[in-house]
Amino acid sequence: MAFGYDEQGQPSFLPVSSPYALTTTEVGRTVEDFAIAADNAVAAGFDGIELHAANGYLFEQFLNPLVNDRTDRYSADLMQNRLRFTLEVVDAVNARIGSQRVGIRFSPFGQISDMPPYRDAEQTYLQLGRELADRRIAYMHFMDQSGFRVASMSGRVSDEVHSLLRKLRPMFDQGALILAGGQTLAKANELIALGTIDLAAFGQPFIANPDLVARLRNGWPLAEPERKTYYGGGAEGYVDYPPYRNGRALIAD
Ligand SMILES: Cc1cc2nc3c(=O)[nH]c(=O)nc-3n(C[C@H](O)[C@H](O)[C@H](O)COP(=O)(O)O)c2cc1C
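Residues numbered from 1 in each chain as written. Predicted model: local features only at pLDDT ≥ 70, side-chain atom pairs only at ≥ 80, totals over all residues. Heavy atoms only, no water.

## Let's talk about the overall build of the chain
We count it as follows: The way it works is that DSSP assigns letters per residue, a run of H or I at least four long becomes a helix, a run of E at least two long becomes a strand, and they are numbered from the N terminus. It is over C-alpha atoms that the radius of gyration is taken, and the globule rule equals 2.2 Å times the number of residues to the power 0.38. Buried, partly exposed and exposed residues are distinguished by accessible area as a fraction of the type maximum, computed with a 1.4 Å probe on protein chains only: under 20%, between the cut-offs, and over 50%, respectively. Contacts: residue pairs with any heavy atoms within 4.5 Å of one another. All accessible-area figures derive from a Shrake-Rupley calculation using a 1.4 Å probe, and residue coverage is judged against the displayed protein chains alone. For the charge count, each Lys or Arg is scored as positive and each Asp or Glu as negative, with His and the chain ends excluded. Charged side chains are reduced to one point each, which is NZ for Lys, CZ for Arg, CG for Asp and CD for Glu.
In terms of helices and strands, the chain carries 10 helices and seven strands. Since a compact globule built from 253 residues should have a radius of gyration of about 18 Å, the 20 Å found for the chain is in line with a globular shape. Oriented by its inertia axes, the alpha-carbon framework of the chain measures out at about 60 × 50 × 40 Å. Burial analysis of the chain (253 residues in total) assigns 44% to the buried set. For the chain, long-range pairs separated by at least 24 residues make up 63% of all intrachain contacts whose partners lie at least 6 apart in sequence. Here the chain displays about 13,600 Å² of accessible surface, and carbon together with sulfur accounts for 53% of that area. Computed over 24 positive and 31 negative side-chain charges, the inter-centroid distance for the chain is 5 Å.

Written out as structure tokens, the structure reads:
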């Protein structure tokens, strides 16, 4: 099942077609699709693009050796083969828009969409870090699903993700490391002060706090998002939370 719009145009969970393995030629075309999309994004005025290699989507289906059952040059028997699709896309996109406009998002150790845990996950992401450092992309963005699952602003970072970030830091020193998932201002400041990350990203707190940046900057209290309105498809619970105080200056902050 996937989230989409039904025949009446109503948002709902819909049955999807059965997935099939791309042929080797189709993988090449998909690489090219990403390059074209990146070009289009920059032509439309975006500063850059983020490749979404997290949360069980296509890139992770190549990276995870327990999901990847290919037998071609993208197969799981060699780590370099599992990484090949991701690195080919990065190379193609870099060639089109320049590596400083490219970031990538990962969720190591995450199990969304039934991604099974595997033994050399840390090694996989360290190797990716080395390869991406060589390619001089702008940033690596990690989504820690444990923090995301527990609660918005739980401040929890899993030991696995923390340890990975500490090991990546010295090898990925020219680009930024970003962490998302259950972040709090205090935790973000602590991790930045330790040099573990350069930036923290927030998701859910923005839903309930349209003026989140001003609230964090000024120490104002945060509103809690209503989880039951997530994925509702309408405006309710997404765009109707008020700012902390009414006033143009605050919103413009
Ligand atoms: C309502 C909602 C829907 C989301 N949908 C997706 C999605 O479709 N794909 C995805 O990769 N991440 C999705 N995310 C995760 C966000 O992209 C982001 O990584 C996450 O919210 C950051 O953690 P935080 O909310 O704890 O700050 C979603 C998050 C929320 C709250």
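## Description of the domain arrangement of the chain
This is how it is decided: Domain delimitation in this document rests on an assignment produced automatically or drawn from a domain database. Each of two parts loses accessible area, computed with a 1.4 Å probe, when they are put together; buried area is these two losses added. The working definition used for a salt bridge is a side-chain nitrogen of Lys or Arg within 4 Å of a carboxyl oxygen of Asp or Glu.
What the domain assignment reports for the chain is domain 1 (21-201) and domain 2 (203-253). Measuring from the centre of the C-alpha atoms in domain 1 to the corresponding centre in domain 2 gives 28 Å. Contacts between the two partners involve seven residues from domain 1, matched on the other side by seven residues from domain 2. Counting the surface lost from both domain 1 and domain 2, the interface buries some 600 Å², and carbon and sulfur atoms represent 59% of this. One can count zero salt bridges joining domain 1 with domain 2.

## Regarding the nonpolar core
Operational definition: Each nonpolar core is a collection of buried residues, namely Ala, Val, Leu, Ile, Met, Phe, Trp, Tyr and Cys, held together in the definition by side-chain atoms within 4.5 Å.
Counting residues in each nonpolar core, the largest one holds 44 residues, and the members touching the most others are L51, I104, F106, L132, M140 and F142. Ranked by the residues each element gives to this core, the list is headed by helix α3 (residues 79-97), at eight residues. Setting aside residues no more than four positions away along its own chain, I104 makes contact with E50, L51, A53, T86, V90, L132, I137, Y139, M140 and H141. Core analysis: the next-biggest nonpolar cluster, separate from the first, contains six residues, M143, A176, I178 and A201 among them.

## Side note on the sheet that holds strand β6 (residues 176-180)
To be explicit about the condition: Any two strands with at least two DSSP-identified bridges between them are counted as paired. To get an axis, a line is fitted to the C-alpha atoms, and for a helix only the part in contact is used. The angle between two axes follows their N-to-C directions and goes from 0 to 180 degrees.
Read from one edge of the open sheet, five strands run β3-β4-β5-β6-β7, paired in parallel fashion. Looking at the sheet topology across the chains shown, the edges are occupied by β3 (49-53) and β7 (199-201). Between one strand and the next, the sheet's axes are offset by a mean angle of 25 degrees, whatever the strand orientation. Pairing geometry for strand β4 (residues 102-106) and strand β5 (residues 139-143), over four bridges, is parallel. By the bridge assignment, F106 is partnered in β5 with F142. Where helix α6 (residues 159-171) meets the sheet, it contacts β5 and β6, and its direction lies at approximately 170 degrees from that of β6.

## With respect to the confidence of the model for the chain
To keep it simple, the criterion reads: Confidence scores here are pLDDT values: one per residue, from the predictor, ranging 0 to 100.
When the pLDDT values of the chain are averaged, the result is 92; 95% of them are 70 or greater. Contacts for the low-pLDDT stretch residues 247-253, under 50 throughout, to residues beyond four places or in other chains number seven contacts.

## Describing unusual backbone geometry
Backbone geometry places S113, a non-glycine residue, at a positive phi of 60 degrees. Even without being a glycine, D114 presents a positive backbone phi close to 60 degrees. Looking at the element boundaries, D114 is found in the loop between β4 and α4 (121-134). Given the relative accessible area of 72%, D114 is considered exposed.

## Focus on the packing of aromatic side chains
The line we're drawing: Think of it this way: a Phe, Tyr or Trp ring, Trp meaning its six-membered ring, pairs with another when their centres are within 6.5 Å, and the plane angle makes it stacked under 30 degrees, edge-to-face over 60, tilted otherwise.
If you walk through the whole model with that rule in mind, you get nine aromatic pairs. Ring pairs connect the aromatic residues F34, F59, F62, Y74 and F85, which therefore count as one cluster.

## So, the site of the ligand
Operational definition: Summary of the distance rule: residues count as near a molecule or strand when at least one heavy atom falls within 4 Å of that molecule or strand. Whenever a nitrogen or oxygen atom comes within 3.5 Å of another N or O atom, the pair is scored as a polar contact, on the condition that within protein one atom can donate a hydrogen and the other can accept it, and that pairs from neighbouring residues in sequence are kept only if both atoms are in side chains.
Around the ligand, the structure places 16 residues, and the nearest of them are H52, N55, R105, G182 and Q204. The contact in question runs from an oxygen atom of the ligand to an N or O atom on the side chain of H52, over 2.7 Å. Here Q204 contributes a side-chain N or O atom positioned 2.7 Å from an oxygen atom of the ligand. Considering the ligand on its own, with 600 Å² of exposed area, one finds that the protein chains cover 78% of that surface. Counting residues domain by domain, the shell around the ligand receives three or more from each of domain 1 (21-201) and domain 2 (203-253).

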